[in-house]
Structure formats: structure tokens, C-alpha cells
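What the coordinates show
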Amino acid sequence: MALTLSILDQSPIQEGETATEAFQHTIELVQKAEAWGYHRFWVAEHHDLDHVVGSSPEVLIAHLLAKTSRIRIGSGGVMLQHYSPYKVAENFHVLASLAPGRIDLGIGRAPGGLPLSTKALQQQPGASGSSLEEKLAELELFLHDELHPAHPLYGLKAVPIPDEPVGIYLLGTSVASAQLAAERGVPYVFALFINQDETVCQAAFAAYRQQFRPGKRATPLAILAVSVIVAPTEAEAVQLAADTKVAKIHLKSGKIVTVTSLKKAEEYGQQSDEDYTIEVKEANVIAGTKESVREKLLAIASKHQVEELIIHTPIKPFQKRLLSYELLQEAFLELTVK
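Residues numbered from 1 in each chain as written. Predicted model: local features only at pLDDT ≥ 70, side-chain atom pairs only at ≥ 80, totals over all residues. Heavy atoms only, no water.

With that settled, the discussion passes to the overall build of the protein chain. Helices and strands together make up the secondary structure of the protein chain, namely 11 helices and 12 strands. For 338 residues, the compact-globule estimate of 2.2 N^0.38 gives 20 Å, and the C-alpha radius of gyration of the protein chain, at 20 Å, lies within 12% of that figure. Counting only C-alpha atoms and orienting by the principal axes, one finds that the protein chain spans roughly 60 × 50 × 45 Å. Relative to its 338 residues, the protein chain shows a buried fraction of 50%. Here the contacts in the protein chain between residues at least 6 apart in sequence split such that 74% fall between residues at least 24 apart. With an accessible surface of roughly 15,400 Å², the protein chain has 53% of that area assigned to carbon and sulfur atoms. Charged side chains of the protein chain number 31 positive and 40 negative; the gap between the two group centres comes to 2 Å. (Helix = DSSP H or I, 4+ residues; strand = E, 2+ residues; numbered from the N terminus. Rg over C-alpha atoms; globule rule 2.2 N^0.38 Å. Buried < 20%, exposed > 50% of the residue type's maximum accessible area, 1.4 Å probe, protein only. Contact = heavy atoms within 4.5 Å. Areas by Shrake-Rupley, 256 points an atom, 1.4 Å probe, with all protein chains shown as cover. Lys, Arg positive; Asp, Glu negative; His and termini not counted. Charge placed at Lys NZ, Arg CZ, Asp CG, Glu CD.)

Now the structure itself:
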């Protein structure tokens, strides 16, 4: 089975590092990824978190485009609920005009931060309070310059208009997000590294494929995002994976939020103004040597019937993270050669 491999990088910052150093690691990784043959390189949007510095994917994407020449670069993803669809369309039209055919617009449904950062991002006097579904529909109209005469903003264009419209990818961790992607007829990415319940993942992909409505795309495109650690030995890979934890905040309202540290889970709970409990557990990371990881990835891709995996590698030391991506690409290159 042929698999397309892509990367999601969150620009992590380690103790003792500066933000500049963390971003330099992202730059080095994207250049290596391009040389190794990875298909896409996506950067995330997070706010008010002490372990990642990627708060503005649009700005970072522009810089990474200038440092590369071929690899597709995109957002994984822009948190549309905080923003004007018109402004998001303008930002990505600029990017698509700077680098035609290389831009992906991944849209996330999560807030990308804690309650205080969400409150700060949504301080928009006179805001309409549009739902994510409404904002996504309007974003598509701006991206394709298709506002209809009955639209209150008819005649408005998101300038510049690129020769090739940016493609939207909807990111999610639930059946509801899959159904929205199907309704809009856009590619869907299930983040298994966040929601580690493979039963939910299977149900989400099934709903997406069954309910897909052709639009700009004629057929569904399902992509799986997973956490992967590759090391020279099984023992080292297991040790690296053991450092990776997830914390689930269970709010009294029934909402469940997943973060990657107990500290941030406690902050989230305190900022939520709700009663809450916290559950800490080991993250579901596919770890091993390049041979064993290759077999595991082929199996999970076959199980979920996907042909592309977006790889998130939660290793703290940058050189070991870099090596993991290199060994993974070598594993699949060896498979191709064989």
C-alpha cells in the first residue's frame, strides 16, 4: 500500500529555549522535510500555552514559503471561530498569490487555547455571533469569489484573487466535525493524536464518506493525523513515548477538553468557571524502529482506509525529533525500493 506522508509541526519550545530558537527548529524541519520528500507541512494555531509558540499560522506560513520551494505548506489549522471569514480569505489569497499551488487552508473547530485567550480573541464589538458552520460557508464564498446577489456583502472581493483558489481542509475529532466536512464537500482530517478513541475515528470516517456531498471536490478525501516516534531502537522509542502525556478536563457541563500538560489542564479548569475533574494518561503514540513503525502505520491506514497520514512527533529534544522524521521517511522509501 502506498502512503503519502505529511507533517504537523506545533513549533514547541523547550525549557531554556527562546521563541526565536523554537521557530528556527521549525524552519530547519520544513527544509529537511522538503528534501526528504514529505508532501505537506502544516503549522498549528495555539494561544497562551507555555510549550508551543505557534500562535499565528498565517505569518509563519509566509516565512516558511520563503525558506522552501516545493513542499505544500498550510495551517493545521486556523481557528475560524475567532475570526472574520473575509480576513481569513484575504490572508490566504495573499499566500496563494505568493506561492501558487502550494497552500492548504486547514480549519480547526477547537478554540486553540484556554478560556481567557478565547475571550480575548473574540472581543469584536458588533460581532454577529455567527456559528462555525456559517463562517465556513461564507469563507468558501470569499475564497471562490462566489457571493450571490442576495448576500449582504455582495460585490465585496477578498483581494488579491489568486489564479488557483486555496483548498479548505476541515480538522476534527468527532462525528459532528466529519458530518460538517461531508456537508461542505471538503477534505476531512481526523486528529487521532488528540481524540485517541479509534471507535470514534472509524465512526467519523464512515459518516464522512456516507454523507459526502460533492462540491468543489467530486469525491471525499479522508486523512488521518497520528503521533509517531521513530528511534534507532525499540527501547529508545518506548522511552521517548513515555514522556508524552495527555490531560483531559471533564467540565460539569459535559464538555471534555484535551491538553498536553497537567498545568494547562488545571489552568483551563480554573478559567472555565465550572466544576471540573482532570484525567491524566499516556498519549497514544505509535513508537518503535522504522521497520516496526512502518508496519503499524500501514495497518492503521488500511484499517481506516486512508492514503495519507499527517505525522505529529512529540519528542522534546529537537535533534531526536528531526531524526524520527528522517527514519520514518527512510522506512517508506525502503518499502518503495523493495
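With that settled, consider the nonpolar core. Proteins that are soluble and globular tend to have nonpolar side chains buried together. Counting residues in hydrophobic clusters, the biggest one holds 71 residues, and the most contacted among them are Leu105, Leu224, Leu297 and Leu328. With seven residues, helix 11 (residues 318–337) is the single largest residue contributor to this core. In this view, leucine 224 contacts Phe190, Leu192, Cys201, Phe205, Ile300, His304, Val306, Glu308, Leu309 and Ile310; residues no more than four positions away in its chain are not counted. Counting residues in each nonpolar core, the second largest holds 11 residues, with Leu8, Ala44, Tyr169 and Ala225 among its members. (Core = buried A, V, L, I, M, F, W, Y, C linked by side-chain atoms within 4.5 Å.)

Moving on to the packing of aromatic side chains. The final tally for this structure, using the stated rule, is seven aromatic pairs. Ring centres of tryptophan 42 and tyrosine 169 lie 5.4 Å apart, and the angle between their planes is 70°; this geometry places the pair in the edge-to-face category. One end of the pair, tryptophan 42, is in strand 2 (residues 40–43); the other, tyrosine 169, is in strand 5 (residues 167–172), and 127 residues separate them in sequence. Across this residue pair, the class does not change: tryptophan 42 and tyrosine 169 are buried. Geometrically, the ring pair formed by tyrosine 188 and tyrosine 208 is tilted, given 5.6 Å between the ring centres and 40° between the ring planes. In this pair, tyrosine 188 is assigned in strand 6 (residues 188–191) and tyrosine 208 in helix 7 (residues 198–211), connecting sequence segments 20 residues apart. Each of the two residues, tyrosine 188 as well as tyrosine 208, counts as buried. Connected via pairs of aromatic rings, a cluster forms that spans Tyr188, Phe190, Phe205, Tyr208 and Phe212. (Phe/Tyr/Trp six-rings, centres within 6.5 Å; stacked < 30°, edge-to-face > 60°.)

Let's shift gears to the pairing of strand 12 (residues 308–312). Most of strand 12 is tucked away, with five of its five residues classed as buried. By the alternation rule, side chains of strand 12 split into Glu308, Ile310 and His312 and Leu309 and Ile311, which are all buried. Of the pairings in the sheet, the one linking strand 1 (residues 4–9) to strand 12 comprises four bridges and is parallel in character. Within the sheet, the bridge partner assigned to leucine 5 lies in strand 12 and is leucine 309. (Pairing = 2+ DSSP bridges.)

If you walk through the whole model with that rule in mind, you get 11 salt bridges. Note that aspartate 104 is salt-bridged to arginine 72, the shortest N-O span being 2.7 Å. Here arginine 72 lies in strand 3 (residues 72–79) and aspartate 104 lies in strand 4 (residues 103–108), a separation of 32 residues in the sequence. We classify aspartate 104 as buried; its relative accessible area is 0%. Given a relative accessible area of 19%, arginine 72 falls into the buried group. Three or more residues are tied together by salt bridges with common partners; here these are Arg40, Arg72, Asp104 and Glu308. (Salt bridge = Lys/Arg side-chain N within 4 Å of Asp/Glu carboxyl O.)

In this section: the environment of proline 85. Following the sequence through the fold, proline 85 ends up in helix 3 (residues 85–98). For proline 85, a relative accessible area of 7% gives the class buried. Between the C-alpha atoms of proline 85 and alanine 178, which are 93 residues apart in sequence, the distance is 20 Å.

Bringing the side chain of threonine 68 into the picture now. Counting through the fold element by element, threonine 68 comes out in the loop between helix 2 (57–66) and strand 3. A relative accessible area of 11% means that threonine 68 is categorised as buried. Polar contacts involving the side chain of threonine 68 include one to the main-chain carbonyl oxygen of leucine 64, which spans 2.8 Å. Polar contacts involving the side chain of threonine 68 include one to the side chain of arginine 102, which spans 2.6 Å. Those residues in contact with threonine 68 that sit more than four places away from it in its chain are Val30, Gln31, Glu34, Ile73 and Arg102. (Polar contact = N/O pair within 3.5 Å; in protein donor to acceptor, adjacent residues only side chain to side chain.)

Neither face of strand 2 is open: one carries Arg40 and Trp42, the other Phe41 and Val43, and all of them are buried. Sheet analysis places strand 1 next to strand 2, joined by three bridges and oriented parallel. Its bridge partner lying in strand 2, aspartate 9 is registered against valine 43. The parallel pair strand 1 and strand 2 is bridged by helix 1 (residues 19–36), and the resulting crossover is right-handed. Relative to strand 3, strand 2 runs parallel, the two sharing four bridges. (Right-handed = clockwise from strand over helix to strand, strands pointing away.)

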